[in-house]
Amino acid sequence: MNCPKCRAPLESHEVTPETTVDACPKCFGVFYDKGELAVPLKLEPLADSSLACPRCDARLKVGQTAGGKLVLDQCPGCGGLWFDAGEIQTLRKLAGVEKVAAGGEPGTAGPAPLPSSVAAPARPQAPAKDDAKREGPTSSGKRPEPPDMSSQQNPDAGRNPTAVYEGRRYAHFQTSIPVTTHVLGEFPWLAAAGDRVRARDFVSPPFMLSNEVTEGESVWSRGEYLSAEEVWAAFGPQGKAPPSPRGVAPAQPNPWQAHLPAMQATFLAALALAVALYAAASLSSAEKTVLTAGFDFAATDAEKSRVTEVFEVPGRASGLMVLAESNLNNHWAYANMTLINADTDEALDFGVELSYYHGVDDGEAWTEGKPYARAYLPGVPAGRYYLRVEPESDQSPLSLSVKLVRGVTLARLPFIVVLLLLVPLLWAWLRREVFENERWMESDHPRVVESDDDWEDE
């Protein structure tokens, strides 16, 4: 069976030879089956509870007893009763008995006291002068709840303070008012359920500074983030892998932050090299026009193809810029071109698209497209060439002029290189920011705030 409050597995505890109750080791609630209580209880009025019966899964009913001094959950199906931590002590006090379970010795109001894991004893006295330790669980009444911080004044959220320790600056993460809900174990100070402190956390990954302030003292402590592997190596079972971490801890180091400096240095070095190579290429190149030709085409032409005279392309293998201009006027054209080596008959097919439209709409002039275009042919070796041109167009007559220029260095090449170099750097920066956004989402200073602009009052 699972706890109806926190869903932890319930543990069975024998409080008498005749009575075994089911207790939660996490929230310290306890479930009594019907007939296991020596104190008769009648709950009224009954209303639906948000809890389900751990015995039969029926929806529990919540009701009052002892004149409203005690509120309990009861199953309408099996008749079992669920007690939150501290409610057994309240029942004992209201009933005036020491033992509430059925099956006690004759002449008593019940059996032996409940085990400490089921019902915590009352708050002990302050420790002696020579012994500042307390052992065993401590609880007083119903489990105290932390206050609603939404109604509290939190000046730290607005002024975003910092703390400096050993030369390291810590950013404010969160201010809260935690409440001790249960005490179990040994402590070097007096600890009791219901204790409150004003806690302030400051982070500088992988370190965290915590400040706890009470009426009598202010205590600072420093913690360091440990990875799941480190914790598992110290406390985890051998032979098993640690569970995968979920979310981002306040002081968890950002793994992408460590990569950014090296990536930035690599980017700057590669950028400087790309600029130097482009500058060297631009200075060493000598632009030279190797062909200028003009063509006229009419719709009545039987042969649309035109061929130039053979021309010389000098120098080493490099790029060749093709510039095409036309007399297009509210028409389009596509020029199919082939650069042919006159000695080897090797051919390179390419084409350029041209379109130019203009007009006046509602008194405003507009244009679309351009009557000229260009193409770039990389790595053209030196040699003797001729150019074949064959256009497709809805305009007639069509005039087309073509110019081929050798040794042109493309101005867009360095920009392309810069963009390619920026991709890994931007990716690392984006991952770092996503990590930080998740870290600060639960703090007093979230970097991303959900907007309610989409909601409108009805």
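These numbers come from a predicted model, not from an experiment.

Q: Report on the sheet that holds strand S8 (residues 162–165), specifying residues and quantitative values.
A: Spatial strand order, S8-S9-S10-S11-S12: 5 strands in an open sheet with antiparallel pairing. Either end of the sheet is taken by a strand with one partner, and the two such strands are S8 and strand S12 (218–224). Averaged over all adjacent pairs, the angle separating strand axes in this sheet is 30°, with direction ignored. Bridging between strand S10 (residues 198–204) and strand S11 (residues 207–213) involves 7 bridges; their strand directions are antiparallel. Looking at S11, one finds that Val-203 is bridged to Met-208.

Q: Explain the confidence of the model for the protein chain to me, using residue names and the numbers behind them.
A: Confidence in the prediction of the protein chain, expressed as mean pLDDT, is 81, and 84% of residues score 70 or more. Mean pLDDT across the elements of the protein chain ranges from a minimum in helix H2 (residues 155–159), with 76, to a maximum in strand S17 (residues 331–341), with 95. Across residues 104–141, confidence stays below pLDDT 50; counting only partners more than four residues off in sequence or on other chains, it has 86 contacts. A low-confidence stretch, residues 452–458 (pLDDT under 50), is modelled with 0 contacts involving residues beyond four sequence positions or located in other chains.

Q: Quick rundown of the pairing of strand S18 (residues 347–361)? Include the residues and the values.
A: Two elements, S17 and S18, share 10 bridges in a ladder whose sense is antiparallel. Counted as the bridge partner of His-331 is Tyr-356 from S18. A loop of 5 residues connects S17 with S18, the two strands running antiparallel in sequence, and Asp-345 in this loop sits at a positive phi of about 65°. In the sheet, S18 pairs with strand S19 (residues 364–370) via 7 bridges, with the strands oriented antiparallel. Following the sheet pairing, Tyr-356 is matched in S19 by Gly-369. Hairpin geometry of S18 and S19 is characterised by an intervening segment of 2 residues between the two adjacent antiparallel strands and by a positive phi of about 55° at Asp-362.

Q: Please give an account of the pairing of S12 that cites residues and values.
A: One face of the sheet, then the other: side chains in a regular strand alternate in exactly this way. With 7 bridges joining them, S11 and S12 adopt antiparallel strand pairing. Across the sheet, Met-208 pairs through a bridge with Gly-223, a residue of S12. In textbook terms, the turn of a hairpin is the stretch between consecutive antiparallel strands, and for S11 and S12 this stretch comprises 4 residues.

Q: Now, about the sheet that holds strand S20 (residues 372–380): what can you tell me, with residues and values included?
A: The strands making up a sheet associate through hydrogen bonds between their backbones, and the pairing can be parallel or antiparallel. Reading across the sheet, the 4 strands line up as S13-S22-S16-S20 and stay open at both edges, with antiparallel pairing between neighbours. Bordering the open sheet on either side are strand S13 (288–297) and S20, each of which pairs with just one other strand. Each strand of the sheet is rotated relative to its neighbour by a mean of 15°, with strand direction disregarded. The sheet contact formed by strand S16 (residues 318–326) and S20 spans 7 bridges and is antiparallel. Following the sheet pairing, Ala-324 is matched in S20 by Ala-373.

Q: Give a description of helix H1 (residues 87–95) that names residues and reports values.
A: Since the α-helix advances by 3.6 residues per turn, residues separated by three or four positions end up pointing in the same direction. Every buried residue of H1 is accounted for by Glu-87, Ile-88, Leu-91 and Arg-92. Summarising the axial view, the buried residues of H1 lie within an arc of 145°, below the 170-degree limit, and thus occupy one face. Here the buried face of H1 lies against strand S3 (30–32), strand S6 (70–74) and strand S7 (81–83).

Q: How would you sum up a nonpolar patch on the surface? Please name residues and give values.
A: A contiguous nonpolar surface patch, about 420 Å² in accessible area, is contributed by Trp-427, Trp-429, Leu-430 and Val-434. One can find Leu-430 in helix H5 (residues 412–440). Assessed through its relative accessible area of 42%, Leu-430 is described here as partly exposed.

Q: An account of the nonpolar core is needed here, citing residue identities and associated values.
A: Phe-311, Met-337, Leu-339, Leu-387 and Leu-404 are the most contacted members of the largest nonpolar core, which has 29 residues in total. Mapped by element, the contributors of at least two residues to this core are S13, strand S15 (311–313), S16, S17, S18, S20, strand S21 (383–393) and strand S22 (398–406). Here the element with the most residues in this core is S13; it accounts for 5 residues. With sequence-adjacent residues up to four places away left out, Met-337 is seen in contact with Val-322, Ala-324, Leu-348, Asp-349, Phe-350, Gly-351, Val-352, Leu-387, Arg-388, Val-389 and Val-402. In terms of nonpolar packing, the next biggest core, distinct from the first, is built from 17 residues, Ala-23, Leu-72, Leu-81 and Phe-83 among them.

Q: Describe the packing of aromatic side chains, listing the residues and the values that go with them.
A: In this structure the tally under the stated criterion is 4 aromatic pairs. Residue placement shows Arg-222 over the ring face of Phe-207; its charged tip is 4.5 Å from the ring centre.

Q: Describe the side chain of Glu-36, and please don't skip the residues or the numbers.
A: Of note, Glu-36 is situated in the loop between S3 and strand S4 (44–52). Despite its burial, Glu-36 remains without a salt bridge, the nearest opposite charge being carried by Arg-55 at 5.9 Å. When neighbours within four sequence positions are excluded, Glu-36 is seen to be in contact with Thr-19, Thr-20, Val-21, Phe-31, Val-100, Ala-101 and Ala-102.

Q: Got a sec to walk through the pattern of salt bridges? Specific residues and values, please.
A: Inspection of the entire model under this criterion finds 10 salt bridges. A salt bridge links Asp-301 to Arg-306; its shortest N-O distance comes to 3.0 Å. The closest approach of N and O atoms between Asp-343 and Arg-384, which form a salt bridge, is 2.7 Å. Linking Asp-343 in the loop between S17 and S18 with Arg-384 in strand S21, this pair joins segments that are 41 residues apart in sequence. The exposed category is assigned to Asp-343, whose relative accessible area is 53%. Judged by its relative accessible area of 35%, Arg-384 falls in the partly exposed class. One continuous salt-bridge network, built from bridges that share partners, spans Asp-22, Asp-33 and Arg-55.

Q: Give me unusual backbone geometry: which residues, what numbers.
A: Note that the residue after Glu-44, namely Pro-45, is joined by a cis bond; omega there is -15°. Of note, Pro-45 is situated in strand S4. Residue Ser-396 is joined to Pro-397 through a cis peptide bond whose omega torsion reads -5°. Relative to the helices and strands, Pro-397 resides in the loop between S21 and S22. Positive phi, normally seen in glycine, also occurs at Asp-57, with a value near 70°. Looking at where Asp-57 falls in the secondary structure, it is placed in the loop between S4 and strand S5 (59–65). Not every positive phi belongs to a glycine, and Asp-345 is a case in point at roughly 65°. The residue Asp-345 is located in the loop between S17 and S18 in this model.

What counts, and where the lines are drawn
- Residues numbered from 1 in each chain as written.
- Predicted model: local features only at pLDDT ≥ 70, side-chain atom pairs only at ≥ 80, totals over all residues.
- Heavy atoms only, no water.
- Pairing = 2+ DSSP bridges.
- Helix = DSSP H or I, 4+ residues; strand = E, 2+ residues; numbered from the N terminus.
- Axes fitted to C-alpha atoms, helices over the stretch in contact; angles between N-to-C directions.
- pLDDT = per-residue confidence, 0-100.
- Contact = heavy atoms within 4.5 Å.
- Buried < 20%, exposed > 50% of the residue type's maximum accessible area, 1.4 Å probe, protein only.
- Arc of directions from axis to C-beta.
- Patch = residues over 30% accessible without salt bridge, like charges linked within 9 Å, V, L, I, M, F, W, Y side chains within 5 Å.
- Areas by Shrake-Rupley, 256 points an atom, 1.4 Å probe, with all protein chains shown as cover.
- Salt bridge = Lys/Arg side-chain N within 4 Å of Asp/Glu carboxyl O.
- Core = buried A, V, L, I, M, F, W, Y, C linked by side-chain atoms within 4.5 Å.
- Phe/Tyr/Trp six-rings, centres within 6.5 Å; stacked < 30°, edge-to-face > 60°.
- Lys NZ or Arg CZ within 6 Å of the ring centre and 35° of its normal.
- Lys, Arg positive; Asp, Glu negative; His and termini not counted.

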